[in-house]
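Summary of the model geometry
Here are the chains, one letter per residue:
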Amino acid sequence: MPNHRTSTVLLLPALVIAGTCTGIASAQVIDFRNTGQALGGDNDSYSVALGDLDGDGDLDAMIANSGANTVWTNDGTGTFTDSGQRLFSGASLSVALGDLDGDGDLDAMIANSGGNAVWINDGTGTFTYGQGLGNNFSNSVALGDLDGDGDLDAMFANAAKGESNTVWTNDGNGTFTDSGQAVGNGPSSSIALGDIDLDGDLDAFIANAGNQPNTVWVNDGNGTFTDSGQALGNSSSYSVALGDFYDYGYLDAMVANHFGQVNVVWRNNGNLSDVAGTFTNTGQYGKKSSYSVVVGDLDGDGAIDAMVTNGTETTTAWRNQLKGIPASFTTAQQFGTSNSYGVALGDLDGDGDLDAFFANYQQPNTVWSNFSIPPNNCTLADFDSSGSVGGPELSRLLTYYGFELADCEFGDCGPILEWADLNKDGIVGSEDLQFLLEAWGTCSE
C-alpha cells in the first residue's frame, strides 16, 4: 500500500497534546472537484442555465450552443444524461429559464445571433418552439417581472454598436411584445436585473463591451427604464452579477472584464447616502480575459462569493472573507484550463451546497462538485456523534491515514472509508485531515 504519511502528519498529535490545535484550523476553504463527466463536445457552448426541467425535483441543465441547444437531465446525484433534444435557434449565446406561460414548469428564453426565441416546456422537460423575438444579434438575456403584472418579461443585451438593448413584455401566456424602448446603445454583453435602488421593482445593470462604460437603468415600476446617468468604468465588460457583498441590504455588482483588463466590484452607495443605486469602484480582482461571473455563497459562511470564467486561462473562485464590513475578495481556487465561456451555480448533487456547471468552448462541458465544509458543520467530522470534534476524532482518522479504497481486499475497508474519507476521493489522507482540523471545536455546545 502506498505510504502517504509525512512528517507534518506525525507532528500533529504533539500539537494536540500541547493544546494548540485550536490555532491550527485554517480559514474556511472553497473546494470544488471535477466529477469527471464530459458532457457534449460536439458544439461550442456559450451559456448554461439550471432548473428542474422534467419535474423530478433536481436541477437539470439547458446549454446554449453555437449549433443546436441541448438539454441534460440530472439523476439527482449530479450525474447528467443527454436528453437527445436538439433545439435549433441559430447561433445561441445565452439562455435563461423561467415559467413564461404560467403553467408551472420552466420554459426557456434563448438569445441568438440573429433573432431570439421562446421554447415552451410540456412539463416533462420536452421543449417546442414558441415564438421568435426580433432579429437582433443578442449576447445575453435576463428574465424578470419588469412591469409589475406578475409574469416574466425579458431584457436583451444586443451586440452591435449603436443597436439598442430591448425590453419584451409578456402577456402572461408566454407571448411577448417589443415595448419599443431603447435601453442604451451597444455593444452590450450582459444584463443583471435586481432592485438596485430599493424601491420595489427590478432595475438593470448593463455590462458594455468595446471599452464603453457600464450603465445602470432605473425602472419606474411599470417597465419603463431611464438611464441613471452613471458611467461605470471604461473596460470591455463581458458579464455582470449582482449580490449583497457587504451585507448591508443593497445589491452591489461584480463585473467581469475581457482583454486582460481587471475585474471590478462596484459598491452600491445606498447604505452610505440617500442615493441608493449609485455605485463606487471598491477594488479590482484578477487580470484575465474574463467571460462570465456568477455569485453565491460557495463555502456556507453567509457571505456572497464569486466565480469567474476566464476563457483559456484558469477559471477562479473568489472568496468573500468579510461579512458586514467592506468586502475582501481573495483567490480561493482555480479550475483547470478549460475554455469556459459560461458557468451556473446550483445544488446539483442534493447535498445542500452550490455546485458548478461549466459551458466550455470546443471542449466538453463539465460539472464540478462542491466539497467546501461550512463552518460549525460537524456532520462529517464528528465520528462518534459526541457533539464535538477533537482528539478522539483525530486519533481515529490517523489510525487509517494512508488507506486507499483500491488497496482494500474483500471490502474490509468499506466501513472505514465510509466515515474517514471525508472528501469521498477514495483515500484517507491530508485533505480529510485538513477538513477535520477546520471543524476542530466547532461542535461544542
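Our subject is the structure listed above.
Let me sum up the structure you'll find in this document. All values derive from a computational prediction rather than experimental measurement.

Moving on, we come to the sheet that holds strand E9 (residues 127-133). Reading across the sheet, the four strands line up as E6-E7-E8-E9 and stay open at both edges, with antiparallel pairing between neighbours. If you trace the sheet from one side to the other, it starts and ends with strand E6 (92-98) and E9, each paired once. Strand-to-strand, the axes of this sheet are offset by a mean angle of 25 degrees, without reference to chain direction. Two elements, E6 and strand E7 (residues 107-112), share six bridges in a ladder whose sense is antiparallel. When the bridges of E7 are listed, Ser92 appears paired with Asn112.

Further remarks concern unusual backbone geometry. Even without being glycine, Phe259 reaches a positive phi, approximately 60 degrees. Take Phe259: its relative accessible area is 58%, and that puts it in the exposed class. Phi at Gln362 is positive, roughly 60 degrees, even though this residue is not glycine. Among the secondary structure elements, Gln362 is positioned in the loop between strand E27 (355-360) and strand E28 (366-370). Residue classification places Gln362 among the exposed positions, given a relative accessible area of 56%.

Along an α-helix, residues three or four positions apart point the same way, because every turn accommodates 3.6 residues. Looking at helix H2 (residues 391-399), one finds that the buried residues are Glu393, Leu394, Leu397 and Leu398. Mapping the buried residues of H2 onto a view down its axis gives an arc of 130 degrees, with all of them on the same face.

Let us now look at the side chain of Asn214. Turning to its location among the elements, Asn214 is positioned in the loop between strand E15 (203-208) and strand E16 (215-219). Here Asn214 falls in the buried class, since its relative accessible area comes to 3%. From its side chain, Asn214 meets the backbone nitrogen of Asn208 in a polar contact 2.9 Å long. With residues near it in sequence (within four places) discarded, Asn214 still touches Phe205, Ile206, Ala207, Asn208, Gln230, Ala231, Leu232, Gly233, Ser237 and Val255.

The subject of this paragraph is the pairing of strand E12 (residues 166-170). Summarising burial for E12: four of the five residues are buried, a large majority. Where strand E11 (residues 153-158) lies against E12, three bridges are found, and the strand directions are antiparallel. Bridging across to E12, Phe156 finds its partner in Thr166. One ladder, built from three bridges, connects E12 with strand E13 (residues 176-178); its direction is antiparallel. What sits directly across from Thr169, in E13, is Thr177. Connecting the antiparallel pair E12 and E13 is a turn made up of five residues, with Gly172 showing a positive phi of about 95 degrees.

Counting 18 residues, the largest nonpolar core has Phe383, Leu394, Leu397, Leu433 and Leu436 as its most contacted members. Among the elements of the structure, H2, helix H3 (414-420) and helix H4 (430-438) are those that each provide at least two residues to this core. Of the residues forming this core, the biggest block, four residues, is contributed by H4.

Through backbone hydrogen bonds, the strands of a sheet pair up, either in parallel or in antiparallel fashion. Read across the open sheet, the four strands follow the order E18-E19-E20-E21; overall the sheet is antiparallel. Looking along the sheet, the strands with just one partner apiece sit at the ends: strand E18 (237-243) and strand E21 (279-287). Across the sheet, the mean angle from the axis of one strand to that of its neighbour is 20 degrees, orientation sign disregarded. Sheet topology note: the strand E19 (residues 252-257)/strand E20 (residues 262-268) ladder contains three bridges and is antiparallel.

Attention shifts here to the packing of aromatic side chains. A full pass over the atoms with the stated rule returns 17 aromatic pairs. Seen in terms of ring centroids, Tyr285 and Phe329 are 5.4 Å apart; in terms of plane orientation they differ by 70 degrees. Their pairing is edge-to-face. Separated by 44 residues along the polypeptide, Tyr285 in strand E21 and Phe329 in strand E25 (residues 329-335) bring together distant segments of the chain. Neither residue differs from the other here; Tyr285 and Phe329 are each classed as buried. When the ring of Tyr291 is compared with that of Tyr341, the centres are 4.1 Å apart and the planes differ by 20 degrees; the resulting orientation is stacked. Taken together, the residues Tyr291 in the loop between E21 and strand E22 (292-296) and Tyr341 in strand E26 (residues 340-346) connect sequence positions 50 residues apart. Site record: aromatic cluster; members linked through ring pairs are Tyr46, Tyr238, Phe259, Tyr291, Tyr341 and Tyr361. Lying over the aromatic face of Phe371, Arg33 brings its terminal NZ or CZ to 4.8 Å of the ring centre.

This paragraph deals with the pairing of strand E2 (residues 45-51). Among the seven residues in E2, six count as buried, and that is most of the element. In terms of strand pairing, E2 meets strand E3 (residues 60-65) through six bridges, oriented antiparallel. Within the sheet, the bridge partner assigned to Ser47 lies in E3 and is Ala64.

Time to look at the pattern of salt bridges. One pass over the full model with this rule turns up five salt bridges. Residue Asp31 is joined to Arg33 by a salt bridge in which the shortest nitrogen-to-oxygen separation is 2.4 Å. We note that Asp31, like Arg33, is buried. Ionic pairing is found between Arg86 and Asp82, a salt bridge with its closest N-O pair at 2.8 Å. Residue classification places Arg86 among the partly exposed positions, given a relative accessible area of 39%. Overall, the relative accessible area of 28% leaves Asp82 in the partly exposed class.

Rules of the game
- Residues numbered from 1 in each chain as written.
- Predicted model: local features only at pLDDT ≥ 70, side-chain atom pairs only at ≥ 80, totals over all residues.
- Heavy atoms only, no water.
- Pairing = 2+ DSSP bridges.
- Helix = DSSP H or I, 4+ residues; strand = E, 2+ residues; numbered from the N terminus.
- Axes fitted to C-alpha atoms, helices over the stretch in contact; angles between N-to-C directions.
- Buried < 20%, exposed > 50% of the residue type's maximum accessible area, 1.4 Å probe, protein only.
- Arc of directions from axis to C-beta.
- Polar contact = N/O pair within 3.5 Å; in protein donor to acceptor, adjacent residues only side chain to side chain.
- Contact = heavy atoms within 4.5 Å.
- Core = buried A, V, L, I, M, F, W, Y, C linked by side-chain atoms within 4.5 Å.
- Phe/Tyr/Trp six-rings, centres within 6.5 Å; stacked < 30°, edge-to-face > 60°.
- Lys NZ or Arg CZ within 6 Å of the ring centre and 35° of its normal.
- Salt bridge = Lys/Arg side-chain N within 4 Å of Asp/Glu carboxyl O.

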